[in-house]
Amino acid sequence: MGTRTFVNDRLSFAPVRNLTRGVDIPLVLTVVALLVFGLIMLYSASFDFSYNEYGSSTYMFIRQVRWVSLGIVVVFLLSLFDYHNWRKVVVFAMLGTIGLLVTVLFINEIRLGASRTLYEGSYQPSEIAKLVALIYLSVWLYAKRDFLHDITLGLIPLGVILGIIGGLIYLQPDLSAAGTVLILGGLLFFLAGADIRQIIFLLILALFMAWTIVQFSETGQDRVASFLAGLQDPTHASYHVQRSFEAVIKGGVFGVGLGQADTKLTGLPFAPTDSIFAVVAEELGLFGSVLLMGLYAALVWRGLVIARRAPDMLGTLLAAGMTFWIGMEALINMAVMVGLMPFAGNALPFISAGGSNLLSTMSAIGIMLNISRQSGESAKMEENGWRSFGAVIDLRRGDGRRSVSRARRARRTNG
């Protein structure tokens, strides 16, 4: 009887163990911490704006809680979805994304000087496009990994893919999203093992395109001009950056206290979205800002460990791409708020209000967790932390290294 109970108990817990086997627990805990931190700061940053715009101080907070709940479901489902199956559906996903980007241009719902949304300022296809572009490029580079050194089969088709996606996003216009897609495409091309001459060519081309955009785009000119003026004299920076400076200075080391910031009440633009890091800096000070940056650093660390341990090159490209994407979005947003980069409309991942960005980011986390599960990585952190940290180095051509290792083991076995 006792044995039967033991067996039944063991069997009853088996599905739970199967679901959590290989899941990177440090990554999960980091994401949970970011989500909780984000909800707390979002309520603080949005209660006045929500009351003035929607008649309820909790409107944006409740809406974000709903998006977080949906995002958790998405993470769970994608953590169970074999990432190799993206090869079967990614073409349809890309075609659908291109269709949405074209639809945005036809609907032409102008908000803040741009047409980026599908319905009343919600649902931004450009956020979905970043995720789908990463998946598509990872699958494409994996399929073409033996031909990447051939310009006609590697570099030129890559340029066409990036040109279509980036071009449609640029027409909205959304310069930061288009730039993000292009940078991530070049990074994945490098990780896939592209020839260094092709990488240099891409860098030169990217610099030329950036110069061209600045020369012919009024938005680009204004942002670069205000950035350069702000570097010379902070009082000549854009109004947005000046108010952010004010929030950071008021925050000092330990902040003015949660919910006590006044810059968000006196004209800080987009406090619940683009400028939420300024609210963090004012209310929690340098201490809270460093804590937030530490959480992003932990996420990047775990993401690169997953990429390094991925079973194949496709997993490495997907995990590394998702990791660099989230890290880059966070870095750009925070750098803009302290005047270290020209203004860009990147959201702060997991923190800024908005469902499109949150769902896309949570989807990336779900894919990374599936790669972690398939790599057989333990849910516990490695006993030697420095050894684990060193695993983030040298992601290029993971398949090649594994093939060499397997060949060497085979020779030793046969010899």
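Being a predicted model, the structure only gives us computed values, none of them experimental.

Conventions and cut-offs
Every residue gets a number counted from 1 within its own chain, in the order that chain's sequence is written. With pLDDT at 70 or above as the cut-off, local features in this predicted model cover only qualifying residues; side-chain atom pairs require 80 or more to be listed or tallied, and sums for whole chains, interfaces and linings still use all residues. To obtain the side-chain values, all non-hydrogen atoms of the structure were used and water was disregarded. Only DSSP runs of H or I covering at least 4 residues are called helices, and only runs of E covering at least 2 are called strands; the numbering of each starts at the N terminus. What makes two residues a contact is simply this: any of their non-hydrogen atoms within 4.5 Å. The accessible surface values rely on the Shrake-Rupley method and a 1.4 Å probe; as for residues, cover is taken only from the protein chains in view. A helix is expected to reach a length of 1.5 Å times the quantity of its residues less one. For the exposure calls, accessible area comes from a 1.4 Å probe over protein chains only, and a residue counts as buried if that area is under 20% of its type's maximum, exposed if over 50%, partly exposed in between. In the analysis that follows, any N or O atom pair within 3.5 Å is treated as a polar contact, provided that within protein one partner can donate a hydrogen and the other can accept it, and provided that, for residues neighboring in sequence, both atoms belong to side chains. Between rings of Phe, Tyr and Trp, where Trp is taken as its six-membered ring, a pair exists when centres lie within 6.5 Å; planes separated by under 30 degrees are stacked, by over 60 edge-to-face, and by other angles tilted. A ring has a charge above it when a Lys NZ or an Arg CZ is no more than 6 Å from the ring centre and no more than 35 degrees off the ring normal. Method remark: on a 1 Å grid restricted to protein atoms, a set of points is classed as a cavity if a 1.4 Å probe fits but cannot get out and as a pocket if it is open with protein on both sides within 12 Å along at least five of seven lines; lining residues have an atom within 4 Å of a point. Grid points are joined across faces, edges and corners, and a volume is the space filled by probe spheres set on the points. Polar here means any residue other than Ala, Val, Leu, Ile, Met, Phe, Trp, Tyr, Cys and Pro, which are nonpolar, and Asp, Glu, Lys and Arg, which are charged; Gly is therefore polar. In this scheme, patches are assembled from residues that exceed 30% relative accessible area and form no salt bridge. Like charges are connected within 9 Å, while nonpolar side chains (Val, Leu, Ile, Met, Phe, Trp, Tyr) are connected within 5 Å. Salt bridge, as used here, is a side-chain nitrogen of Lys or Arg placed within 4 Å of a carboxyl oxygen of Asp or Glu. Think of a nonpolar core as a cluster: buried Ala, Val, Leu, Ile, Met, Phe, Trp, Tyr and Cys residues, connected wherever their side-chain atoms sit within 4.5 Å. Lines fitted to C-alpha atoms define the axes here, with helix axes fitted over just the stretch in contact, and angles between the N-to-C directions of these axes take values from 0 to 180 degrees. Each angle gets one of four labels, with under 35 degrees taken as roughly parallel, over 145 as roughly antiparallel, 65 to 115 as roughly perpendicular, and the rest as oblique. In a left-handed crossing the near helix is turned counterclockwise from the far helix by less than a right angle, and in a right-handed crossing that turn is clockwise.

Trainee: Explain the overall build of the protein chain to me, using residue names and the numbers behind them.
Mentor: Counting its secondary structure elements, the protein chain contains 15 helices and two strands. Taking as baseline every contact in the protein chain between residues at least 6 positions apart, the subset at least 24 positions apart corresponds to 75%. Entry remark: accessible area of the protein chain is about 20400 Å², with carbon and sulfur atoms responsible for 67%.

Trainee: If you had to explain helix 13 (residues 355–375) to someone new, which residues and values would you point to?
Mentor: Along its 21 residues, helix 13 runs 30 Å from first to last C-alpha, staying within 8% of the 30 Å computed at 1.5 Å per residue. Counting buried residues in helix 13 gives 18 out of 21 residues, a clear majority hidden from the surface.

Trainee: Break down the environment of Ser375 for me, citing the residues and quoting the values.
Mentor: Structurally, the position occupied by Ser375 is in helix 13. Overall, Ser375 belongs to the partly exposed group, its relative accessible area being 23%. C-alpha of Ser375 to C-alpha of Ile306: the two residues are 69 residues apart in sequence and 7.9 Å apart in space. Not counting residues up to four positions away in its chain, the partners in contact with Ser375 are Arg309, Ala310 and Pro311. In this structure the side chain of Ser375 is engaged in a polar contact, spanning 2.7 Å, whose partner is the backbone oxygen of Ser372.

Trainee: Please provide a residue-by-residue account of the packing of aromatic side chains, values included.
Mentor: Summed over all chains, the structure comprises five aromatic pairs. Plain terms: the ring middles of Phe81 and Trp86 are 5.3 Å apart, the flat faces sit at 75° to each other, and that makes the pair edge-to-face. In this arrangement the basic side chain of Arg145 is found over the ring face of Tyr142, its NZ or CZ atom lying 4.1 Å from the centre. The ring of Trp301 has Arg302 lying over it, and the distance from NZ or CZ to the ring centre is 4.8 Å.

Trainee: Can you break down empty space enclosed by the protein residue by residue, with the values?
Mentor: Enumeration over the complete set of coordinates arrives at one cavity of 30 Å³ or more. By volume, the largest cavity is sized at about 90 Å³. As for the largest cavity, its lining consists of 13 residues, and the residues nearest its centre are Ser226, Phe227, Val241, Gly339 and Met341. Among the residues making up the lining of the largest cavity, the classes are represented as eight nonpolar, four polar and one charged.

Trainee: Before we move on, can you summarise a nonpolar patch on the surface with the specific residues and values?
Mentor: Taken together, Val253, Phe254, Leu286, Phe287, Val290, Leu291 and Met293 make up a surface patch of nonpolar side chains, about 720 Å² in accessible area. Structurally, Val290 can be placed in helix 11 (residues 276–309).

Trainee: Explain the layout of surface pockets to me, and be specific about the residues and the numbers.
Mentor: Taken as a whole, the second largest pocket encloses approximately 1200 Å³ of empty space. Along the wall of the second largest pocket there are 39 residues; nearest its centre are Gly179, Leu182, Ile183, Ala206 and Ala210. Looking at the lining of the second largest pocket, the elements with two or more residues in it are helix 6 (155–170), helix 7 (175–191), helix 8 (196–216), helix 9 (218–232) and helix 12 (313–337). With 11 residues, the single largest contributor to the lining of the second largest pocket is helix 8. Classifying every residue of the lining of the second largest pocket by side-chain character gives 28 nonpolar, 10 polar and one charged.

Trainee: A description of the side chain of Glu283 should follow, citing residues and the corresponding values.
Mentor: Looking at the element boundaries, Glu283 is found in helix 11. Owing to a relative accessible area of 0%, Glu283 belongs among the buried residues under this scheme. Within the local environment of Glu283, its side chain forms a polar contact with the side chain of Ser44, the two groups lying 2.7 Å apart. For Glu283, the contacting residues outside a window of four places in its chain are Met41, Ser44, Phe254, Gly255, Val256, Gly257, Leu258, Gly259, Gln260, Ala261 and Lys264.

Trainee: Describe in detail helix 5 (residues 125–143), supporting the description with residues and values.
Mentor: Across its 19 residues, helix 5 extends 26 Å between first and last C-alpha, which sits within 8% of the 27 Å expected from 1.5 Å per residue. With 17 of its 19 residues buried, helix 5 lies for the most part within the structure.

Trainee: Would you mind going over the pattern of salt bridges in detail, with residue names and values included?
Mentor: Counted by the stated rule, this structure contains seven salt bridges. Members of the salt-bridge network, linked through shared partners, are Arg243, Glu246, Lys250 and Asp262.

Trainee: I'd love a proper account of the nonpolar core, names of residues and values included.
Mentor: Nonpolar side chains in soluble globular proteins generally cluster together in the buried interior. Membership of the largest hydrophobic core comes to 96 residues, with the highest contact counts inside it found for Ile135, Tyr296, Met322, Leu348, Phe350, Ile351 and Ile365. Residue contributions to this core peak at 15 residues, all from helix 12. Leaving out residues up to four positions away in the same chain, Leu348 has contacts with Ile276, Phe277, Leu292, Tyr296, Ala330, Asn333 and Met334.

Trainee: Can you lay out the packing of helix 2 (residues 25–54) against helix 3 (residues 59–80) for me, pointing to particular residues and giving the numbers?
Mentor: Helices that pack against each other are described as a pair by the angle of their axes relative to one another and the distance between those axes. Put simply, helix 2 and helix 3 touch, their axes get as near as 6 Å, and they point 140° apart. Looking at the two axes, helix 2 sits oblique to helix 3. On helix 3, the residues that touch Leu35, Leu39, Leu42, Tyr43, Ser46, Phe49, Ser50 and Tyr54 of helix 2 are Tyr59, Met60, Phe61, Gln64, Val65 and Val68. A per-class count over the contact of helix 2 with helix 3 returns 11 nonpolar, three polar and no charged.

Trainee: Please provide a residue-by-residue account of the side chain of His240, values included.
Mentor: As for its position among the elements, His240 is in helix 10 (residues 239–251). Once residues lying within four places of it in the same chain are set aside, the contact partners of His240 are Leu268, Pro269, Phe270, Ser275, Met337 and Phe343.

Trainee: Lay out the packing of helix 11 against helix 12 with the relevant residues and their values.
Mentor: Look at helix 11 against helix 12: their axes get within 9 Å of each other, and the N-to-C directions meet at 165°. Taken together, the axes of helix 11 and helix 12 lie roughly antiparallel to each other. Once helix 11 is placed against helix 12, the crossing between them reads as left-handed. Here Phe277, Ala278, Met293, Tyr296, Leu299, Val300, Gly303, Leu304, Ile306 and Ala307 of helix 11 come into contact with helix 12, specifically with Thr316, Ala319, Ala320, Thr323, Phe324, Ile326, Gly327, Ala330, Asn333, Met334 and Met337. Its residues assigned to classes, the contact of helix 11 with helix 12 shows 16 nonpolar, five polar and no charged.

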